[in-house]
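Working through the structure, step by step
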Amino acid sequence: MLCAGFSTASCSGASGKGGSFTNKLSKFLGDISYPLYMVHYPFIYLYYAWVKNENLNFEQSLPGAAAVVIGSILLAYSCLKLYDIPVRKYLTQRFLKSKGKNSN
């Protein structure tokens, strides 16, 4: 279901037919897509272990699933803002901008 939501928002934003909210949501989802991919695995494994070890049914495990989704998105956003963007900015300044100065 989450994948369907991401896909729908991405397609709406990419087509340019969405409204301002859809475009902002699509940009946000695109920005966090790689950090989310990187950070969600530990949460998923811990969640599965918790559900299996406690022998929980769907209703009992639903709050944990919601926490995994929300926690993964928050951690991915934090990684984007605190690591990914600063590192990209540094690398761009270090390697791409200095190239132009040396070619003169």
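Residues numbered from 1 in each chain as written. Predicted model: local features only at pLDDT ≥ 70, side-chain atom pairs only at ≥ 80, totals over all residues. Heavy atoms only, no water.

A look at the pattern of salt bridges
In the structure shown here, the tally under the stated rule is two salt bridges. Of the charged contacts, one joins Asp 31 and Lys 27 as a salt bridge, the two residues approaching to 2.9 Å between their closest N and O atoms. Residue Asp 31 and its partner Lys 27 are located together in helix 2 (residues 20–54), separated by four residues, close to a single helical turn. Exposure remark for Asp 31: the relative accessible area of 33% places this residue in the partly exposed category. Residue classification places Lys 27 among the exposed positions, given a relative accessible area of 54%. A salt bridge links Arg 88 to Asp 84; the nearest nitrogen and oxygen atoms lie 3.1 Å apart. One end of the pair is Arg 88 and the other is Asp 84, both in helix 3 (residues 58–102) and four residues apart, which spans about a single turn. (Salt bridge = Lys/Arg side-chain N within 4 Å of Asp/Glu carboxyl O. Helix = DSSP H or I, 4+ residues; strand = E, 2+ residues; numbered from the N terminus. Buried < 20%, exposed > 50% of the residue type's maximum accessible area, 1.4 Å probe, protein only.)

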